[in-house]
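Letter by letter, the chains look like this.
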Amino acid sequence: MRKDKHVLHFIQRIPIRWRLTFVSLGLLILLLSALGIILSVVAEQVLVNNEVNVLRNEAQVAWKGTFKSMAPQDRPFGLDLDNVFPPSGPAPANFVYTANPLLHSIDNAGTNTYAILLTPDGHSLIPNSPYIVPEQVQQIMQSAQWYLLTNDAHGHRQLFVFIPLISSSFHTVGILQISTSTIPIDNFLSAFHLTLFLGIIGTLGLALVLTFPLVGLALHPLVEIERTSRKIAQGELSMRIDPPATDDEIGRLARSFNRMLAQLEAAFRRQKRFVADVSHELRTPLTALSGSLEMLLIGADLGDKEATRRLTHGMFTEVQRMHRMVEDLLALTRLDEGKLTLRKEIITVDTLLLTVYEQSEHLAHGQKLSCDIEPALPAIGADKDRLQQVLLNIMDNALKFTLPAGKVELLARKNGQNTVVLIVRDTGQGIPPEALPHIFDRFYRADPSRSRSPQHVGGSGLGLAIAKDLVEAQGGKIEISSILGRGTTV
């Protein structure tokens, strides 16, 4: 087990370029080896079959040529060579004597060819001659392959071919066994195997020369991704990969990596801006608290209770402001992590909007408020408290940036059969067109100097971001439009 772990660890340390090269070469070796084995088997079979056919043809030629030259009274009438083994029968008189010229004729046909006669049961009719044991002859007769490859006493391969001698009554009266050495076949196969081996080695060498650079070229985007990742780890988030022109897996990976980098860079910028904005927002109340406390410590109020009350009231206001900011940040954190619990229920829009309208009246400072609800609105599924928080937040923003002589409307309209649109419309100062795409970003202010001016209680810049996240968390959608100097609609 420990050895397997060491081997696995060693393999994992090999660069992927070499691993892919080794795998490709391994598969190529396997395929070429299988092809070489198949070609060797087929070549040997073809050569053996050809040799068998040659020996059978030589036997036919020798049979006809031999008995044409014999005297009529010596010719074995009714005997012939055939390709099938019919049932055995008795041999004619002087069978061996009349067949001897055929054996000598076949023996003289080639230096490595030797012919003998066998009985139908596989025994030799000629003493002290090489022949196959009767059991093997019987197996050959029962099969469709009438030849046998075996080794002689010296370890050399011999090919034995068996041809039945058929009588006029269509019985097997004997078997002509022709044996020959396979040295020519073996020599050819040796040369063929050597050629195959050298061809496979050459092919593998060429494959190695071509595969390694091709794999390197295919993995080049991965190498670039690895280099870019190291630079990104050092803080260079602006780095990008030049994706290959091909639309394969590596090309898509490179483009996805670039998109991920863009999102990481944007997220990092947002984080930096978030930290800077939080620091800036906390610095103002902390500075005010520090100044008020310092004045109390040095006795700047001179024992005046009214002055002391004003200082402590200012400190309480700043503490409340920091408390609201912390609550907003916690709400955004829970929304980002998906841990904010939503209690969805079926609520009526009339009741919800009337409650928001009544609470908004306490926030107004001279603006005219109106509430218009379309009749027969369908009930909606939402978290009542969170949706009320969203509407109050938007109403509060509308009232802050609408002059006392202005107007703020709260509307509810039906859109389709199962959709309700809630609208907050004001006649305030409006939002510049370039600021609209960022209005739901955290800590974003279309007019930061105005929102922090003494005449306005500046918010944290988190209200609309929280509203957007709360609406989308409940399956809704929030949109905003505005005309500078004429008002805003959410």
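What counts as what
- Residues numbered from 1 in each chain as written.
- Predicted model: local features only at pLDDT ≥ 70, side-chain atom pairs only at ≥ 80, totals over all residues.
- Heavy atoms only, no water.
- Helix = DSSP H or I, 4+ residues; strand = E, 2+ residues; numbered from the N terminus.
- Contact = heavy atoms within 4.5 Å.
- Areas by Shrake-Rupley, 256 points an atom, 1.4 Å probe, with all protein chains shown as cover.
- 1 Å grid on protein atoms, 1.4 Å probe; cavity = no way out; pocket = protein on both sides within 12 Å on 5 of 7 lines; lining within 4 Å.
- Points joined across faces, edges and corners; volume = space filled by probe spheres on them.
- Nonpolar A, V, L, I, M, F, W, Y, C, P; charged D, E, K, R; others polar.
- Pairing = 2+ DSSP bridges.
- Buried < 20%, exposed > 50% of the residue type's maximum accessible area, 1.4 Å probe, protein only.
- Phe/Tyr/Trp six-rings, centres within 6.5 Å; stacked < 30°, edge-to-face > 60°.
- Axes fitted to C-alpha atoms, helices over the stretch in contact; angles between N-to-C directions.
- Left-handed = near helix turned anticlockwise from the far one by under 90°.
- Expected span 1.5 Å × (residues − 1).
- Arc of directions from axis to C-beta.
- Patch = residues over 30% accessible without salt bridge, like charges linked within 9 Å, V, L, I, M, F, W, Y side chains within 5 Å.
- Salt bridge = Lys/Arg side-chain N within 4 Å of Asp/Glu carboxyl O.
- Parallel < 35°, antiparallel > 145°, perpendicular 65-115°, else oblique.
- pLDDT = per-residue confidence, 0-100.

**Student:** Provide a residue-level description of the overall build of the protein, including the pertinent values.
**Tutor:** The secondary structure content of the protein amounts to twelve helices and twelve strands. If you take every contact in the protein between residues at least 6 apart in sequence, the share linking residues at least 24 apart comes to 65%. As displayed, the protein has an accessible area near 29600 Å², and 59% of this comes from carbon and sulfur atoms.

**Student:** If you had to explain the layout of surface pockets to someone new, which residues and values would you point to?
**Tutor:** Taken as a whole, the second largest pocket encloses approximately 780 Å³ of empty space. Forming the boundary of the second largest pocket are 27 residues, of which Val420, Val421, Leu422, Gly476 and Lys477 lie nearest the centre. Put simply, the parts of the chain that give the lining of the second largest pocket at least two residues each are β8 (380-383), α10 (384-400) and β10 (420-426). The dominant element in the lining of the second largest pocket, judged by the number of residues it contributes, is β10, at five residues. Of the residues assigned to the lining of the second largest pocket, the class counts are 16 nonpolar, nine polar and two charged.

**Student:** Outline unusual backbone geometry, listing residues and values.
**Tutor:** Although it is not a glycine, Ala376 adopts a positive phi angle of roughly 60 degrees. Residue placement: Ala376 occurs in the loop between β7 (368-373) and β8.

**Student:** Now, about the pairing of β10: what can you tell me, with residues and values included?
**Tutor:** Where strand β9 (residues 407-414) meets β10, seven bridges bridge the pair, whose relative direction is antiparallel. Bridging across to β10, Arg413 finds its partner in Val421. Once β9 ends, the chain turns through five residues before running back antiparallel as β10, passing Gly416 with a positive phi of about 85 degrees.

**Student:** I'd love a proper account of the side chain of Thr119, names of residues and values included.
**Tutor:** Relative to the helices and strands, Thr119 resides in the loop between β2 (113-118) and α4 (134-142). By relative accessible area, which is 18% here, Thr119 ends up buried. Setting aside anything within four residues of it in sequence, one finds Thr119 in contact with Leu125 and Ile175.

**Student:** For the packing of aromatic side chains, give the residues involved together with the corresponding values.
**Tutor:** A full pass over the atoms with the stated rule returns one aromatic pair. Both rings, one in Phe188 and one in Phe192, keep their centres 6.2 Å apart while their planes meet at 10 degrees; by these two values the pair is stacked. Taken as a pair, Phe188 and Phe192 lie in helix α5 (residues 183-218) at a separation of four residues, close to a single helical turn. A residue is classified by how much of its surface remains accessible, and Phe188, at 45% relative accessible area, is partly exposed.

**Student:** Any details on the pairing of β2? Residues and values, ideally.
**Tutor:** For β2, the tally of buried residues reaches five of six residues, placing the bulk of the element in the interior. Pairing analysis gives six bridges linking β2 to strand β5 (residues 172-181), with the strands arranged antiparallel. Within the sheet, the bridge partner assigned to Tyr114 lies in β5 and is Ser179.

**Student:** An account of the packing of helix α8 (residues 305-337) against helix α12 (residues 463-473) is needed here, citing residue identities and associated values.
**Tutor:** At a closest axis distance of 10 Å, the pairing of α8 and α12 adopts a crossing angle of 35 degrees. Crossing of α8 against α12: the hand is left-handed. On the side of α8, the interface is formed by Asp328, Leu332, Leu335 and Asp336, while α12 contributes Ala465, Ile466, Asp469, Leu470 and Ala473. Of the residues assigned to the contact of α8 with α12, the class counts are six nonpolar, no polar and three charged.

**Student:** An account of the environment of Asp80 is requested, with residue identities and associated values reported.
**Tutor:** With respect to the helices and strands, the residue Asp80 is situated in strand β1 (residues 80-81). Beyond its immediate chain neighbours, meaning those up to four positions away, Asp80 contacts Trp63, Pro164, Leu165 and Ile166.

**Student:** Could you give me a rundown of helix α6 (residues 220-233), with the residues and numbers involved?
**Tutor:** Between the first and last C-alpha of α6 there are 20 Å, a value that for 14 residues agrees with the 20 Å anticipated at 1.5 Å per step. For α6, the set of buried residues is Pro221, Ile225, Thr228 and Ile232. The arc enclosing the buried residues of α6, seen along the axis, measures out at 70 degrees, which places them on a common side. Packed against the buried residues of α6 are α5 and α7 (249-297). Looking at the residues trailing α6, positive phi occurs at Gly235, about 105 degrees.

**Student:** Residues and numbers for a nonpolar patch on the surface, please.
**Tutor:** On the surface, Leu206, Val209, Leu210, Leu214 and Leu217 cluster together to form a nonpolar patch covering roughly 530 Å² of accessible area. Relative to the elements of secondary structure, Leu210 occurs in helix α5. On the accessibility criterion, Leu210 (45% relative accessible area) is partly exposed.

**Student:** Give me the environment of Phe22: which residues, what numbers.
**Tutor:** Looking at the secondary structure, you find Phe22 in helix α2 (residues 16-68). Note on Phe22: relative accessible area 46%, which makes it partly exposed. A sequence separation of 189 residues divides Phe22 from Thr211, and the C-alpha atoms of the two residues are 9.5 Å apart.

**Student:** Describe α8, and please don't skip the residues or the numbers.
**Tutor:** The end-to-end C-alpha separation of α8 is 47 Å, in line with the 48 Å expected for 33 residues at 1.5 Å each. Positive backbone phi, approximately 70 degrees, marks Gly338, located one or two places after α8.

**Student:** Give a detailed account of the pattern of salt bridges, specifying residues and quantitative values.
**Tutor:** Tallying each qualifying case throughout the model produces eleven salt bridges. For Asp396, the salt bridge goes to Lys400, with nearest N and O atoms at 3.5 Å. Residue Asp396 and its partner Lys400 are both found in helix α10; the two are separated by four residues, about one turn of the helix. Several salt bridges converge on common partners, so that one network encompasses Glu44, Arg157 and Asp186.

**Student:** Quick one: what's the story with the packing of α10 against α12, residue by residue and with numbers?
**Tutor:** The geometry of α10 relative to α12 is characterised by a closest axis approach of 9 Å and an angle of 150 degrees between their N-to-C directions. Looking at the two axes, α10 sits roughly antiparallel to α12. Considering only the axes of α10 and α12, their crossing is left-handed. Residues Arg386, Gln389, Val390, Asn393, Ile394 and Asn397 of α10 form the contact with α12, whose own contacting residues are Gly463, Leu464, Ile466, Ala467, Leu470 and Val471. Broken down by class, the residue content of the contact of α10 with α12 amounts to seven nonpolar, four polar and one charged.

**Student:** Can you lay out the confidence of the model for the protein for me, pointing to particular residues and giving the numbers?
**Tutor:** For the protein, mean pLDDT is 80; residues scoring 70 or higher make up 87% of the total. Mean pLDDT values over the elements of the protein span from 46, in helix α11 (residues 448-451), up to 94, in β10. Low pLDDT, under 50, characterises residues 449-457; the predicted model gives this stretch twelve contacts beyond four residues in sequence or across chains.

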